[in-house]
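Chain residues, written in single-letter form:
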Amino acid sequence: MSSEPAIAVSDLSVEYPARGPSASCVALRGVSFRLEQGQVLGVLGETGSGKSTLAQVLAGRVLPPRASEPGPRISGGEASVLGHRLRKAKKRDLAEVTFHVGYLPQEAAATLEPSLSVQDNVALPIFERDEHYPRRAAGERAATMLDTVHLPLSVLNKYPYELSSGQRQRVALARALVLGPSILVADEPTAGIDATVRDAVIDLLSQLREHKDFTAVVVSHDLAVLRRATDVSLVLQAGRPVGYGPIEDVLADPAHPFVAGLARALKPPQRRTERRPQRAAARPRPKENG
Ligand SMILES: Nc1ncnc2c1ncn2[C@@H]1O[C@H](COP(=O)(O)OP(=O)(O)OP(=O)(O)O)[C@@H](O)[C@H]1O
């Protein structure tokens, strides 16, 4: 087995270049971590902190140098995914990364192709790579993936609009896994789905994690996901890393006020036996003039 990490990120900065009237925006700055093969990284942080940007970059959805399309571009440091350095990667290298990294984008269920059946949606990445791939083999692969995400084969010939939101989410996950990726990047996999389906998706992620080769980056603000489906978590605030470690350690020893606030918000209410600090309001206030 190679000792190369699945992902190595070093002092990474990412920006969205200026476009028309919009100024450039630095979405990530000074992010470093290393993810070994077989590990799952959780990414959490407040809205706009750069979580989805990091997910996109690690999934190879990053602009090659001198590209003019909109999207995130590495402006400092480096991110290596499966040994591919992304900063100066050309389109061909990025295609290699996107082949080996399954990507479940935010609101993935909404990204299913409405005019395609479930089977064709799941198999879509196969045909995007090789339009001559045998249809029968692709169908069999789609069926296997549906089984992996615990959906009945009866949904193969249905269309996305005929499914529940949780079923659609699982179809999207099946699509992200269809090429047998070495790494899964999942952006908020349990957002916007109801509680029972959310539990099923968490069960699924924790089952996938039992496979010793399963390597993933999971963006989530869902503590159950972070506890059950990740080994280590990275906390971002305004694009900067402000916490890193197993989620319980991060919450138990918050080194940054944002993490402290998060830990308080996630903790059950404190017992009442704790001594309260003396309230400043008990002191007489100086009289205001006027
Ligand atoms: N396509 C884009 N063009 C320009 N700026 C962008 C683009 N996408 C995101 N940004 C900016 O980059 C920063 C990070 O956004 P990002 O979507 O990564 O945050 P996030 O933590 O995933 O937020 P949320 O939890 O709301 O999804 C924000 O300031 C955002 O406005």
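Worth saying up front: this structure is predicted, and the values here are computed from it rather than measured. (Residues numbered from 1 in each chain as written. Predicted model: local features only at pLDDT ≥ 70, side-chain atom pairs only at ≥ 80, totals over all residues.)

A. Just the overall build of the protein, in detail. Along the backbone of the protein there are nine helices and ten strands. Seen along its three principal axes, the alpha-carbon backbone of the protein occupies a region of about 85 × 45 × 45 Å. Out of the 290 residues in the protein, the part that is buried amounts to 37%. Long-range contacts, defined as pairs at least 24 residues apart, comprise 62% of the intrachain contacts of the protein with a sequence gap of at least 6. (Helix = DSSP H or I, 4+ residues; strand = E, 2+ residues; numbered from the N terminus. Buried ≥ 20, exposed ≤ 12 C-beta atoms within 10 Å, placed from the backbone. Contact = placed C-beta atoms within 7 Å.)

B. Fine view of the site of the ligand. Around the ligand, a shell composed of Tyr16, Cys25, Ala27, Gly45, Thr47, Gly48, Ser49, Gly50, Lys51, Ser52, Thr53 and Pro70 is seen. In terms of residues, the shell around the ligand owes the most to one element, helix 1 (residues 51–58), which gives three residues. Looking at the shell around the ligand residue by residue, the class counts come to four nonpolar, seven polar and one charged. (Near = placed C-beta within 6 Å. Nonpolar A, V, L, I, M, F, W, Y, C, P; charged D, E, K, R; others polar.)

C. Up close: the packing of helix 3 (residues 118–129) against helix 5 (residues 165–177). The N-to-C vectors of helix 3 and helix 5 enclose an angle of 35°; their axes lie 7 Å apart at closest approach. When the axes of helix 3 and helix 5 are compared, the crossing they make is right-handed. Here Val118, Asn121, Val122, Leu124 and Pro125 of helix 3 come into contact with helix 5, specifically with Val171, Ala174 and Arg175. Broken down by class, the residue content of the contact of helix 3 with helix 5 amounts to six nonpolar, one polar and one charged. (Axes fitted to C-alpha atoms, helices over the stretch in contact; angles between N-to-C directions. Left-handed = near helix turned anticlockwise from the far one by under 90°.)

D. Broad picture of the sheet that holds strand 3 (residues 40–45). With mixed pairing, the six strands of this open sheet are ordered in space as 6-7-8-3-9-10. Strand pairing shows two members of the sheet lacking a second neighbour, strand 6 (101–104) and strand 10 (240–245), which therefore form its edges. Ignoring which end each strand starts from, the neighbouring axes of this sheet average 15° apart. (Pairing = 2+ DSSP bridges.)

E. View of the nonpolar core. Counting 73 residues, the largest nonpolar core has Leu58, Val81, Val122, Val185 and Val218 as the members making the most contacts within it. Per-element tally for this core: the top contributor is helix 5, with five residues. If we ignore the near neighbours within four places in the chain, the residues touching Val218 are Val40, Gly42, Ala186, Pro189, Leu205, Val225, Ala229 and Thr230. (Core = buried A, V, L, I, M, F, W, Y, C linked by C-beta atoms within 7 Å.)

F. Focus on the pairing of strand 9 (residues 232–237). Sheet topology note: the strand 3/strand 9 ladder contains five bridges and is parallel. Note that in strand 9 the partner of Gly42 across the bridge is Ser233. Adjacent in sequence and paired antiparallel, strand 9 and strand 10 are bridged by two residues, among which Ala238 carries a positive phi angle near 45°.

G. Quick look at the environment of Cys25. If you trace the backbone, Cys25 turns up in strand 2 (residues 25–35). Taking the number of C-beta atoms within 10 Å as the measure of exposure, Cys25 has 14 and is therefore partly exposed. In this structure, the C-alpha to C-alpha distance between Cys25 and Gln119, residues 94 residues apart in sequence, is 39 Å. The residues contacting Cys25, other than those within four sequence positions of it, are Glu15 and Tyr16.

H. A look at helix 1. With respect to burial, helix 1 is a largely interior element, seven of its eight residues being buried. Within the span of helix 1, buried status applies to Lys51, Thr53, Leu54, Ala55, Gln56, Val57 and Leu58. Directly beyond the C-terminal end of helix 1, a positive phi value near 80° is found at Gly60.

I. Inspection of helix 3 at higher detail. Of the residues making up helix 3, those classed as buried are Val118, Gln119, Asn121, Val122 and Ala123. Packed against the buried residues of helix 3 are helix 4 (135–148) and helix 5.

J. Broad picture of the sheet that holds strand 5 (residues 84–85). Taken together, the four strands give an open sheet; going across it, the order is 2-1-4-5, and neighbouring strands pair in antiparallel fashion. Among the strands making up the open sheet, the edge pair consists of strand 2 and strand 5. Bridge count for strand 1 (residues 7–16) against strand 4 (residues 73–81) is seven bridges, and the pairing is antiparallel. Pairing of Glu15 across the sheet is with Arg73, part of strand 4.

K. Quick look at the environment of Arg264. One can find Arg264 in helix 9 (residues 257–266). Measuring from C-alpha to C-alpha, the distance between Arg264 and Val14 comes to 30 Å, with 250 residues separating the pair along the chain.

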